[in-house]
Structure formats: structure tokens, C-alpha cells
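# Fold and contact review
Single-letter residue listing:
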Number of protein chains: 2
Amino acid sequence: MTEKLASTRPRLNRDRVQTAAVALADHIGIEAVSMRRLSEELGVVPMALYKHVANKEELLDAMVEVIVGEIDPPAADAAWKDAVRLRILSARDVLLRHPWARQVLESRKHQTPVVLDYMNSMVGMFLGGGFSVDLTHHVMHALGSRMWGFTQELFLPSGGSAAEATMPREMNERYPHIALVAGAASHDDSVVAHGCDDRFEFEFALSLLLDGFERLHEAGWVSSRRTPSPR
Amino acid sequence: MTEKLASTRPRLNRDRVQTAAVALADHIGIEAVSMRRLSEELGVVPMALYKHVANKEELLDAMVEVIVGEIDPPAADAAWKDAVRLRILSARDVLLRHPWARQVLESRKHQTPVVLDYMNSMVGMFLGGGFSVDLTHHVMHALGSRMWGFTQELFLPSGGSAAEATMPREMNERYPHIALVAGAASHDDSVVAHGCDDRFEFEFALSLLLDGFERLHEAGWVSSRRTPSPR
DNA sequence: ACCTGAACACCGTTCAAGT
DNA sequence: ACCTGAACACCGTTCAAGT
């Protein structure tokens, strides 16, 4: 019962720690992942983790590393627009497999090398497509979290008819416009008829932005921003 | 010393709790706001808060309530595009005053009435502008967190030349494209010459989206999405 | 009706010690 | 070099009690 188990499990190392952390988050949710819970999973005392990871922040960075590694490499010979779209949709697929990754990515304050590599390659796609440095800068900001394949779904986040289903009559009275837009689902043949398709909404907005970028690029857009004061 | 202080401070109520919570978050940061710390601020024992707020989640909801209340009401007689832009920029101003509000807003899972009111009025602006129910739906999703005046700043979040300043030479070698786009700041007269202006980037992307919405609306856009399977 | 006090089951992380 | 054990200073929240 209390025999030594040390020989039955491999030595701990950073790789085993970060892999186990990702698997644990997939399994029990990120909010339940603690240093203590993870150490338990690895059959080790909590403090043993601190030899391989400086603290919890670094553990989260290490988890991001794993996730970013799962994103497809850039498409070899594609025009900028396709290359960007494919990369972003691949990132989106990864985040769908690891639903917790979104909020962890958001919470990182210092970018790690893998994160910078990903962004660097995406900047390269725009520059390679002939975008000016100036426009590329703004375009990267405009993408925001969308370059990682996610956005804040703050409007009808539960996925379509849920808001309507939970409170049918009050919705109609207090929030008629929302009810109209959310509730059209049940009685017409438009998009909303099929409920709210996250992928469709994501691609809709992504295309809108990419088309906008293309239009500005082709028009030879340059920023007309001036310094606030004449002096 | 240990005399009764009960009479010197007003009775606790929900309003005093939520106001104090907002002030405390402004002052010490959201991560330091705990039920215990807040109760201390109010000169009361931790459990006293639970008479006015069911739990910490509800406290955060109450804080969001205060924040949303600070957003300007809709402009009276403005076209949809101006109305939407003004409302969003007002929300942005509020979030700049309460930097913690962004992440709290993101973390809410169930929308409270004030949040639904805000979204309802914004949906109304598009419908009032003649947008179809269908297009309005997609447009609201495309706005995402931008309708609350914020986005995930994941690209050069520190505000321009910081990334370059902290590691000048390694950046140039490992991440040449990022360095180019971030570093152009110091030696030309374009936008990036003035460092990275959050407000400019926000309005750039907002305008791109609003212009895109307008174009689709004027073209009488309808969704061409079909159900995945023929049957 | 509102506030208190003690307790429970957790956290991340330190330090000094073991092998 | 790597792992352990005990301890510290926190959490949110319960329960039963006070006024």
C-alpha cells in the first residue's frame, strides 16, 4: 500500500508538466486547475512542480505554448488573404478543442517566443502581400483577438435561441429588438432560421475585415493622422 | 477604542456595496478586490456583505451595472452610423476610467438587465437605420466586444515602442516583421511615427466595420448560408 | 432584519530539510 | 539535482448564533 511508487512513474520534467496541465484543463476546466490539483494528477507533492515552472503564471505560459504549437503552419504558396484566413481558421479549430485556451491567451501579459513567432509570421503575410508597414500595423490591431481565432461573444453568447428559450415573454416585452433579432430563428428562412452558427458569425466578421483591408491596400491608403498639437 | 462604531457609519445596502466595490477596484485593482477586503473597506465583517449580494459573482454583476450606467444615453436624432459610433466611443471612455471593467464584463456569463438594455438599444439603432433583421444579427456579432468599447489588444499591447524598447536587438533578429511594424515609429512620418495610439487603432477598426456594414446594407445583402445537409 | 464569529475546504508560495 | 513537509497568508462560503 505505502510502497515506493517513485520507480513506476517517469521523472518529472517541463514537458510532462505542461502536457499534463493541458490535459487536465481539457478534462476538468481551467478554473479547477490549481498547482495542487495538477501535482496530485502527476502523483507528486505540490512543491515538486516549482522545480520545472517558476510559478502559476509560467505554467499558464507553458500551456499556451502547447496550444500555439497545434496551429497549422502557414500555407506554402497562397495569396495573403487566403494565407491569413487559413491560419486564423486553424487557430480557431485549436481553440474549439481547448475551450479554456481563449481566456488563458487573453490573460497573458508578456508574450512568449511562440506567441511572438505566430504574430511575426502573420505580419509577414501582410507585408508579403505588398501591404505598407503603416497599413500592416493598423490591420494587425484591427484583427485583435481574431488573429487567434476567437472573439468576445457578448451578444447572445449561449448560441442562438437560448436567450429566447429561457425567458420567452419577458424578452419580447423588455428587449423587443433583441427578441426580434434572436427570435427570428423559428419562423423564416433566413440565416437566423438555423440558429446562431458560431463559425458563420466568425467568418462573416473575418471576411468583412479582410475585404476592408484589401480595399484600403488597393486604394493605396495612408494614415492621415496628425500629431495632436501643431507644435 | 473598542466603542461601538455602528452609529457612525450608515446602514449597509446594495447601493453602498456596489459603489464601494467599484471605488475599491479603481483604487487597488480588480485582482485585489475580495469579499474580505471589501468588507474591511466598509467597516463590516465579511459575511455582512452576503445579506446584500448572494455571492461574489453577483457582486461583479452589480459592479457592471454601475459601469454600464455611466455610458451616455443614445444620441437623440442621429443616423444609425453616428449613433452607434457615439455610443461605442462613450462606452470606451467609461472603460478607460475603469480599466478593470473590461475583464469583468468579459467574465459575466448571464446577462443582467442593464446589459440587455444596452444591447437592445444598439440593436434598435441598426433596425431603425433600416437594416434587415438578418443583417442586424450578424452585425451585432461582428461588433463583439467592440460594442462595449474594447477589444483584445494582443498585438503590441504595451502601447507601441515598448516591445522594441525592452529588447531591441533580439526583436530585430527573431521577429523581423514585428520589429519592422513596431519599430518604424522612430524614423518616418507615418502613423507609427507617433507611437501606437489606442484610440486611433480602435476608431480605425470600428470605421472599417461600420463602413462594411453600410456597404452590405446598401447592397441589400442577404445571407446565402444554407443548412449543412440537403436533407 | 441585519450583522457576527468561528469554522471548512480550499488557494499560491516560502522555507528548511531530506535523499 | 530533485523532491518533501510543514507552515504562512490568503480565498469564498457554510452554519449557528447574536442583537
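What you see as residue numbers is a count from 1 along each chain, following the sequence as written. For naming, the first written chain is A and the first written ligand is 1, with later ones following in the order written. Only residues with pLDDT of 70 or above have their local features reported here, since the model is predicted, and side-chain atom pairs are shown and tallied only from 80 upward, although totals for entire chains, interfaces and linings are computed over all residues. Only hydrogens and water are removed before side-chain values are computed, so all heavy atoms of the structure are retained for them.

### Concerning the protein's contact with DNA strand C
For each residue, the test is whether any non-hydrogen atom lies within 4 Å of the molecule or strand; if one does, the residue is near. In the vicinity of DNA strand C, 17 residues are found, and the nearest of them are Arg36, Met47, Tyr50 and Lys56 of chain A together with His52 of chain B. Of everything in DNA strand C that lies within 4 Å of the protein, sugar and phosphate atoms constitute 49%. Here Lys56 of chain A contributes a backbone N or O atom positioned 3.0 Å from a phosphate oxygen of DNA strand C. Whenever a nitrogen or oxygen atom comes within 3.5 Å of another N or O atom, the pair is scored as a polar contact, on the condition that within protein one atom can donate a hydrogen and the other can accept it, and that pairs from neighbouring residues in sequence are kept only if both atoms are in side chains. A distance of 3.0 Å separates a phosphate oxygen of DNA strand C from a polar atom in the backbone of Val45 of chain B. Ten residue types, Ala, Val, Leu, Ile, Met, Phe, Trp, Tyr, Cys and Pro, are classed as nonpolar, four, Asp, Glu, Lys and Arg, as charged, and the remainder, Gly among them, as polar. Of the residues that constitute the surface near DNA strand C, the class distribution is 8 nonpolar, 3 polar and 6 charged.

### Let's talk about the protein's contact with DNA strand D
Around DNA strand D, a shell composed of 16 residues is seen, among which His52 of chain A together with Arg36, Met47, Tyr50 and Lys56 of chain B lie nearest. In the environment of DNA strand D, a phosphate oxygen lies 3.1 Å from a nitrogen or oxygen atom belonging to the backbone of Val45 of chain A. Take Tyr50 of chain B: an N or O atom from its side chain is 3.0 Å from a phosphate oxygen of DNA strand D. Of the residues contributing to the surface near DNA strand D, the split by class is 8 nonpolar, 3 polar and 5 charged.

### Things to note about the nonpolar core
Judged by nonpolar contacts, the single largest core of 140 residues is most densely connected at Phe126, Trp148 and Phe213 of chain A together with Phe126, Trp148 and Phe213 of chain B. In contact with Phe126 of chain B, other than residues within four places in its own chain, are Trp80, Val84, Phe131, Thr136, Val139, Met140, Leu143 and Phe213 of chain B. Residues grouped as a nonpolar core are buried Ala, Val, Leu, Ile, Met, Phe, Trp, Tyr and Cys residues, joined through side-chain atoms within 4.5 Å. Exposure categories follow from relative accessible area, calculated using a 1.4 Å probe and restricted to protein chains: below 20% of the type maximum is buried, above 50% is exposed, and the middle band is partly exposed. The contact criterion used throughout is that any non-hydrogen atoms of two residues lie within 4.5 Å.

### Some thoughts on the UniProt feature "domain: HTH tetR-type" (unreviewed entry) in chain A
UniProt positions are given in the numbering used here, feature names are shortened, and annotations may be inferred rather than shown by experiment. Per the UniProt record, "domain: HTH tetR-type" (unreviewed entry) is found at residues 11-71 of chain A. Numbering goes from the N terminus for both helices and strands, where a helix is a DSSP run of H or I of at least four residues and a strand is a run of E of at least two. When the span residues 11-71 of chain A is considered, its composition is 59% helix and 0% strand, and the gap between its end C-alpha atoms is 28 Å.

### Some points on the packing of helix α4 (residues 80-97) of chain A against helix α11 (residues 198-218) of chain A
For any two helices packed against each other, one specifies the inter-axial angle together with the distance between the axes. Residue and element names in this part refer to chain A. Each axis is a line fitted through C-alpha atoms, and for a helix only the stretch in contact is used; angles between axes span 0 to 180 degrees, taken between their N-to-C directions. At a minimum axis distance of 11 Å, the contact between α4 and α11 shows a crossing angle of 150 degrees. One element, α4, and the other, α11, form an angle in the roughly antiparallel class. The handedness of the crossing between α4 and α11 is right-handed. Counted together, Trp80, Lys81, Val84, Arg85, Ile88, Leu89, Arg92 and Asp93 of α4 and Asp198, Arg199, Phe202, Glu203, Leu206, Ser207, Leu210, Asp211, Phe213 and Glu214 of α11 form the full contact between these two elements. For classification purposes, angles smaller than 35 degrees are called roughly parallel, those larger than 145 roughly antiparallel, those between 65 and 115 roughly perpendicular, and all remaining angles oblique. The handedness criterion is simple: a crossing whose near helix is rotated anticlockwise from the far helix by less than a right angle is left-handed, and one whose near helix is rotated clockwise is right-handed.

### Overview of the packing of aromatic side chains
Only Phe, Tyr and Trp rings take part, Trp by its six-membered ring, and two of them pair if their centres are within 6.5 Å. Stacked means planes under 30 degrees apart, edge-to-face means over 60, and tilted covers everything else. Summed over the entire model, instances satisfying the criterion amount to 14 aromatic pairs over all chains. Ring geometry for Tyr118 of chain A versus Trp148 of chain A: centroids 4.2 Å apart, planes at 25 degrees, classification stacked. One end of the pair, Tyr118 of chain A, is in helix α6 (residues 113-128); the other, Trp148 of chain A, is in the loop between α7 (133-143) and α8 (162-166), and 30 residues separate them in sequence. Accessibility assignment for this pair places Tyr118 of chain A and Trp148 of chain A in one class, buried. Taken together, a centroid distance of 6.0 Å and an interplanar angle of 75 degrees make the contact between Phe126 of chain B and Phe213 of chain B edge-to-face. In this pair, Phe126 of chain B is assigned in helix α6 (residues 113-128) and Phe213 of chain B in helix α11 (residues 198-218), connecting sequence segments 87 residues apart. Accessibility expressed as a relative area gives 0% for Phe126 of chain B, which makes it buried. Residue class for Phe213 of chain B comes out buried when judged on its relative accessible area of 0%.

### Side note on the domain arrangement of chain A
Residue and element names in this part refer to chain A. Domain boundaries in chain A define domain 1 (2-53) and domain 2 (74-153 + 189-223). Each of domain 1 and domain 2 was reduced to a C-alpha centroid, and the two centroids are 34 Å apart. Tallying the contact residues gives 4 residues for domain 1 and 5 residues for domain 2. Summed over both partners, the accessible surface that disappears when two parts come together, traced with a 1.4 Å probe, is what is meant by buried area. Each partner contributes to the roughly 380 Å² buried at the junction of domain 1 and domain 2, and carbon and sulfur atoms together form 73% of this total. When the buried area of domain 1 at its contact with domain 2 is split by residue, Val22, Asp26 and Ile30 rank highest and sum to 88% of it. Where each domain begins and ends is defined by an automated method or by a domain database.

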